[in-house]
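Okay, here's what each chain looks like letter by letter:
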Amino acid sequence: MGKLWQKGYTLDALMEDFTVGNDYVLDRNLVAADCLASIAHTRTLHKAKILTDDELTSLEVALAEVIDLDRNGEFEITISDEDCHTAIEAYLTRRLGDAGKKIHTGRSRNDQVQTALRLWMREFIVHMVAETNQLTDDLLAFAQNHEFVPMPGRTHMQLAMPSSVGLWAASFAEELADEAKQLLQLFPLFDQSPLGSAASYGTPLPLDRSFAADQMGFAKVQNNVLYANNSRGKFEAILLDGCDYITLTLSKLAQDLILFSLPEIGYFSLPRELCTGSSIMPQKRNPDGLELTRSRSAVVSSCSQRVKSIVRSLPSGYNRDFQDTKEPLFTGTKTALLVVRVMRLMVQRLQVNEAALRAGCASELYATDEVLRRLANGGSFRDVYKEVGMDLESVAAYDADETIRNRNSEGTTGNLGLEMQRAQVKMLQQSCDSKLGNLLGSYAKLSKNAASLVTW
């Protein structure tokens, strides 16, 4: 089978390489999603009496075969196919003849790829939120296990005020929890079907777009057909931005761990099985995973910016530029999820060196506490502040444990609210489980062979 747009001439080889790029490789991510969307489309064509009962049945069976072949790594997409859509249609045509040639009726590759991407991104959100939520839970467990272990608090990288390992870990947990919830709030945006928008302007065929959306488990149709196509790239960037905030937080966590695990500081020890070595220095144990977490955070940011730059000045309607948003989408999302998984391993196996943490709590850490203690005897804050600042050696000895436990307003070292945070983690996990169950249920209604679309 030739290209879907074939018009009786052969495309120049250089132009073919240039226009196809690595799209046929990237599309391996979308084979199952495209098959499910194609089943929904065949049912819509059947409802419109464009396909017969027998054609519908044979197409559904053949599309299920493609899903199986793809799962086993046996479905091939070649550069001459250009993308998975052509490869799938070619398979259907070889298997079924004219029935395979009918499947593209009323559909463009524009809304076809949009729908496959939308299915993939919708599910990815749930996986990303669930994994981030599990990391949040790991951090909360770590915080609870070391809740009252004293730790120097720092500003400007200098000793500042008394803190605790519990406060430090729980701060990242709460930040990630907010970012995960924010990402899940995007789910309704992605839970709308672009199928039926065709090449940006719909078709004159009596295709029931709501029926197609319902078949795929979408909550609604993305109504305006031109908006449906114009949203390509924009939705990808929105998803990448959500991932970017999460990896930005993890970059800071990675930097803290690199700093606090330095031999000269030694607050934490990194698990050796998560560190690499040097090719020349036999003593080295390098925190490469943490360093790459910092750089991979930048990769996610750059992917989001790359997509925005591609779509920034495009006119309305489909433009081939959209093709180049696919690679940063998959690179950015997969990188973000991998970073979350790596940091889960790091947190789960991180060792706390309590003696080093206590030793780091030098007397100057309690200078502000001393100011407030002396204020109990009268005077103004500014005068006592100057008095203490001019004679730091006079700061009284403080009990580190008592100091952090006595800070008991909401969210401070003596009152972290960990149980409340863990309850929220549980609620978010239940929401993810429910959404993923609904998605898998909608896939099963299309094909019993269907499974998760987000795999690697």
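Remember, it's a predicted structure, so these values are computed and weren't measured experimentally.

Sorry, what's going on with the packing of aromatic side chains here?
Think of a pair of aromatic rings as described by two things: how far the centres are apart, and how the planes are tilted against each other in angle. Evaluated as defined, the whole model comprises 14 aromatic pairs. Plain terms: the ring middles of phenylalanine 260 and phenylalanine 268 are 6.3 Å apart, the flat faces sit at 65° to each other, and that makes the pair edge-to-face. The buried category is assigned to phenylalanine 268, whose relative accessible area is 1%. Each ring, one from tyrosine 318 and one from phenylalanine 322, has its centre 5.7 Å from the other, and the planes form 50°; the classification is tilted. Owing to a relative accessible area of 30%, tyrosine 318 belongs among the partly exposed residues under this scheme. A relative accessible area of 3% means that phenylalanine 322 is categorised as buried. Among the aromatic side chains, those forming a connected cluster through ring pairs are Phe142, Trp168, Phe172, Phe260, Tyr267 and Phe268. When the ring centre of phenylalanine 211 is taken as reference, the NZ or CZ atom of lysine 47 above it lies at 5.6 Å. Taking the ring centre of phenylalanine 148 as reference, the NZ or CZ of arginine 405 above it sits at 3.8 Å.

What is the right way to read the pattern of salt bridges from this model?
Where charged atoms from two side chains of opposite charge approach closely, those side chains can pair. Scanning the model with the defined rule gives 23 salt bridges in all. The shortest N-O distance in the salt bridge between aspartate 208 and lysine 47 comes to 3.0 Å. With a gap of 161 residues between them, aspartate 208 in the loop between strand S3 (192-193) and helix H10 (209-215) and lysine 47 in helix H3 (residues 31-47) connect regions that are remote in the sequence.

What's the story with the environment of glutamate 364 in this structure? I'm lost.
As for its position among the elements, glutamate 364 is in the loop between helix H15 (354-359) and helix H16 (367-375). For glutamate 364, a relative accessible area of 44% translates into the label partly exposed. Separated by 103 residues in the primary sequence, glutamate 364 and serine 261 place their C-alpha atoms 22 Å from one another.

I'm lost on the packing of helix H7 (residues 109-145) against helix H8 (residues 165-184) in this one. Help?
Each pair of packed helices can be described by the angle between their axes along with the distance between the axes. The contact between H7 and H8 brings their axes to 8 Å, and the two run at 165°. Here H7 lies roughly antiparallel to H8, going by the angle between them. The chirality of how H7 crosses H8 is left-handed. Residues Ile125, Met128, Val129, Thr132, Leu135, Thr136, Leu139, Leu140, Phe142 and Ala143 of H7 form the contact with H8, whose own contacting residues are Val165, Gly166, Trp168, Ala169, Ala170, Phe172, Ala173, Leu176, Ala177, Ala180, Leu183 and Leu184. Looking at the contact of H7 with H8, its residues break down into 19 nonpolar, 3 polar and no charged.

Would you explain the side chain of glutamine 323 in this entry?
Relative to the elements of secondary structure, glutamine 323 occurs in the loop between helix H13 (288-311) and helix H14 (326-349). The exposure class assigned to glutamine 323 is buried, which follows from its relative accessible area of 13%.

Just to check I follow, could you spell out the nonpolar core for this structure?
In a soluble, globular protein the nonpolar side chains are often hidden away together inside. If you look at the biggest cluster of nonpolar residues, it comprises 104 residues, and the most contacted ones within it are Trp168, Leu257 and Phe268. Take this core: its biggest share by element is 17 residues, from H7. Grouped together as the second largest cluster of nonpolar side chains are 9 residues, Tyr366, Val384, Val395 and Ala400 included.

Looking at this structure, I do not really get unusual backbone geometry. What am I missing?
Excluding glycine, a negative phi dihedral is what most residues carry, and trans is how most peptide bonds are arranged. Positive phi outside glycine occurs at lysine 49, with the angle close to 65°. Position of lysine 49 among the secondary structure elements: in the loop between H3 and helix H4 (53-71).

Rules used in this analysis
Residues numbered from 1 in each chain as written. Predicted model: local features only at pLDDT ≥ 70, side-chain atom pairs only at ≥ 80, totals over all residues. Heavy atoms only, no water. Phe/Tyr/Trp six-rings, centres within 6.5 Å; stacked < 30°, edge-to-face > 60°. Buried < 20%, exposed > 50% of the residue type's maximum accessible area, 1.4 Å probe, protein only. Lys NZ or Arg CZ within 6 Å of the ring centre and 35° of its normal. Salt bridge = Lys/Arg side-chain N within 4 Å of Asp/Glu carboxyl O. Helix = DSSP H or I, 4+ residues; strand = E, 2+ residues; numbered from the N terminus. Axes fitted to C-alpha atoms, helices over the stretch in contact; angles between N-to-C directions. Parallel < 35°, antiparallel > 145°, perpendicular 65-115°, else oblique. Left-handed = near helix turned anticlockwise from the far one by under 90°. Contact = heavy atoms within 4.5 Å. Nonpolar A, V, L, I, M, F, W, Y, C, P; charged D, E, K, R; others polar. Core = buried A, V, L, I, M, F, W, Y, C linked by side-chain atoms within 4.5 Å.

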